[in-house]
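# Structure at a glance
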Amino acid sequence: MMVQLQKVHGSQNQFFLLDQTSLQKALSTNELVSLAQQLTNPQNGLLGGADGLLVVSASQHPQVRGRMQVINSDGTFAAMCGNGLRTVGRYLAEKYGETDFKVETPQADLQVSCQSDWAPQVKAISVEISPVSFQDTALPFANLGGPKLVNQFVPAFADELKFSAVAVPNPHLISIVSHDVLTSNLLEKLGTRLNQPNAYFPDGVNVSFAQVVNSRHLFVRTFERGVGFTNACGTGMSAASLIFAVTNPQAAAFEQILTVANPGGFVQTKVHQTHASYWIELIGNATITHYLEVDEAELHQSQPDFDRFEVTSTSEDAAYRDFIAQHTV
Ligand SMILES: N[C@H](CCC[C@H](N)C(=O)O)C(=O)O
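Residues numbered from 1 in each chain as written. Predicted model: local features only at pLDDT ≥ 70, side-chain atom pairs only at ≥ 80, totals over all residues. Heavy atoms only, no water.

The name an unreviewed UniProt entry gives the protein is Diaminopimelate epimerase, with Lactobacillus xylocopicola as the organism. Of the comments in the UniProt record for the protein, the one headed Function (unreviewed entry) reads "Catalyzes the stereoinversion of LL-2,6-diaminopimelate (L,L-DAP) to meso-diaminopimelate (meso-DAP), a precursor of L-lysine and an essential component of the bacterial peptidoglycan." Turning to the protein, the UniProt record has this under Subcellular location (unreviewed entry): "Cytoplasm". (UniProt positions renumbered as here; feature names shortened; annotations may be inferred.)

So, about the domain arrangement of the protein. As assigned here, the protein comprises domain 1 (2-123 + 286-326) and domain 2 (152-278). Placing the centre of domain 1 and that of domain 2 at their C-alpha centroids yields a distance of 25 Å. Counting residues at the interface gives 22 residues for domain 1, matched by 20 residues for domain 2. Among the residues domain 1 hides against domain 2, the three largest losses belong to S11, M80 and W118. Together they make up 30% of the total. Along the contact surface separating domain 1 from domain 2 lie 0 salt bridges. (Domains from an automatic or database assignment. Contact = heavy atoms within 4.5 Å. Buried area = accessible area lost by both parts, 1.4 Å probe. Salt bridge = Lys/Arg side-chain N within 4 Å of Asp/Glu carboxyl O.)

Moving on to the confidence of the model for the protein. Low pLDDT means the predicted atomic positions in that stretch should not be read closely. In the predicted model, the protein carries a mean pLDDT of 98, and 100% of its residues have values of at least 70. Per-residue pLDDT, averaged within each element of the protein, yields its smallest value for strand 16 (residues 265-274) (97) and its largest for strand 2 (residues 13-19) (99). (pLDDT = per-residue confidence, 0-100. Helix = DSSP H or I, 4+ residues; strand = E, 2+ residues; numbered from the N terminus.)

The description of two aromatic rings rests on the distance between their centres and on the angle between their planes. In total, this model carries 11 aromatic pairs according to the counting rule given. Ring centres of F134 and Y278 lie 6.2 Å apart, and the angle between their planes is 75°; this geometry places the pair in the edge-to-face category. With F134 in the loop between strand 8 (122-129) and strand 9 (152-153) and Y278 in strand 17 (residues 277-285), the pair connects residues that are 144 residues apart, well separated along the chain. Taking the relative accessible area as the measure of exposure, F134 reaches 12% and is therefore buried. Taking 5.9 Å as the distance between ring centres and 15° as the angle between the ring planes, the aromatic pair formed by F254 and Y278 counts as stacked. With a gap of 24 residues between them, F254 in the loop between helix 5 (234-247) and strand 15 (257-262) and Y278 in strand 17 connect regions that are remote in the sequence. Taking the relative accessible area as the measure of exposure, Y278 reaches 18% and is therefore buried. Each member of the aromatic cluster is reached from another via a ring pair, and the members are F141, F157, F163, Y200 and F201. The ring of Y96 has R65 sitting right over it, with the charged end atom 4.6 Å from the ring centre. (Phe/Tyr/Trp six-rings, centres within 6.5 Å; stacked < 30°, edge-to-face > 60°. Buried < 20%, exposed > 50% of the residue type's maximum accessible area, 1.4 Å probe, protein only. Lys NZ or Arg CZ within 6 Å of the ring centre and 35° of its normal.)

A word on the environment of G191. The topology assignment puts G191 in helix 4 (residues 186-194). Sequence-wise, G191 and N206 are 15 residues apart; in three dimensions their C-alpha atoms are separated by 7.2 Å.

With that out of the way, let us pick up the site of the ligand. In the region of the ligand, 15 residues are neighbours, and N13, E224, R225, G234 and T235 sit closest. One of the side-chain nitrogen or oxygen atoms of N72 is found 2.9 Å away from an oxygen atom of the ligand. Here an oxygen atom of the ligand sits 2.8 Å away from a polar atom, N or O, in the main chain of G234. Protein burial of the ligand: of its 360 Å² of free accessible surface, 99% is covered by the chains. Put simply, the ligand lies in the largest cavity. Elements represented by at least two residues in the shell around the ligand include exactly strand 2, helix 2 (82-96) and helix 5. (Near = heavy atom within 4 Å. Polar contact = N/O pair within 3.5 Å; in protein donor to acceptor, adjacent residues only side chain to side chain. Areas by Shrake-Rupley, 256 points an atom, 1.4 Å probe, with all protein chains shown as cover. 1 Å grid on protein atoms, 1.4 Å probe; cavity = no way out; pocket = protein on both sides within 12 Å on 5 of 7 lines; lining within 4 Å. Sits in = over half its atoms within 2 Å of the grid points.)

Following the criterion strictly, the structure yields 1 cavity of 30 Å³ or more and no others. Considered as a void within the structure, the largest cavity measures approximately 140 Å³ in volume. Lining the largest cavity we find 19 residues, and of these N72, A78, M80, N170 and E224 sit closest to its centre. The set of elements that each furnish at least two residues to the lining of the largest cavity consists of strand 2, strand 4 (64-72) and helix 5. Here the lining of the largest cavity gets 3 residues from one element, more than from any other, and that element is strand 4. The residue inventory of the lining of the largest cavity, partitioned by class, reads 8 nonpolar, 8 polar and 3 charged. Looking at which domains feed residues into the lining of the largest cavity, each of domain 1 (2-123 + 286-326) and domain 2 (152-278) gives three or more. (Points joined across faces, edges and corners; volume = space filled by probe spheres on them. Nonpolar A, V, L, I, M, F, W, Y, C, P; charged D, E, K, R; others polar.)

As a further point, take the environment of G49. As for its position among the elements, G49 is in the loop between helix 1 (29-39) and strand 3 (52-57). Looking at G49, the relative accessible area reads 2%, which means it is buried. The spatial distance from the C-alpha of G49 to the C-alpha of A142 is 34 Å, given a sequence separation of 93 residues. Among all residues touching G49, those that are not within four sequence positions of it are K7, Q14, F16, L39, T40, N41 and P42.

Taken as a whole, helix 4 has its buried residues at L186, L187, L190, G191 and L194. All buried residues of helix 4 lie within an arc of 120° about the axis, which places them on one face of the element. (Arc of directions from axis to C-beta.)

The subject of this paragraph is helix 5. With 14 residues, helix 5 extends 20 Å from end C-alpha to end C-alpha; this agrees with the ideal 20 Å at 1.5 Å per step. Burial runs high along helix 5: 13 of the 14 residues are buried. (Expected span 1.5 Å × (residues − 1).)

Rendered as structure tokens:
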């Protein structure tokens, strides 16, 4: 039986998307991991590979439209994916003809809301990034001087930078840096080191450097856990927005739309503070670049033959790139 997958991106953070409910026999966890690693491989994957595989399945939770699982290109599962949730949100909105609903993720059912198109063929989705925790056990992290790390020097990581660690709920290490540090090789060195066996982040960590352009505009680069450098990391940009708001009270950034640029374009964030907790709204594109048709049996193969995938390109990626070129921030 022929089934359809999508290749999608949020701010050029690229994924394959598979709806398990479209299969006669859902893929097992091992099959999903193997498929993710092969599809996304930049050398011999499909369409130049991707940063991960988004797996949609039915949710057993009431009033929830579907469930999202995130598999990084190295085969590890992630607790959350902001750019990916926007594309899953669009997929479910079009599947069910709805604009506002919740999507089940490992730690929370999160709100998704379709926005007005940012431009012709540039669909925009708002997603809830939550839960947020600064607790060491939530990332987890250790050996960083206590159960929380907020805006502290960490000489073991870099001589003159302050770092914050936060789970949204996937793990993030954030530093607000100068343009020179942002463009140095420090991010790659630190990201690589903290995603190999290390004394601080046993499960790895997404590492982001954020440059403050002004009080409503950041630029964020991320070295992702389980992937490496990506064009954008939705949870990384959300976490960086939170750290900016928390550590720069004079900017009065809470409840304000922030523009967060990245190598793949830009998104908008809004950091919400409710009593002693936070959540972040992430708004950005949800672009379908290709539709893929393949016999379901191929997906169950240990080494799928990508020549058997019928690929149809859309014109959405060109529309997105035009939009970004006209709105470079
Ligand atoms: N690499 C991340 C998952 C993907 C996050 C990123 N692509 C996003 O848009 O949030 C992790 O293992 O925590």
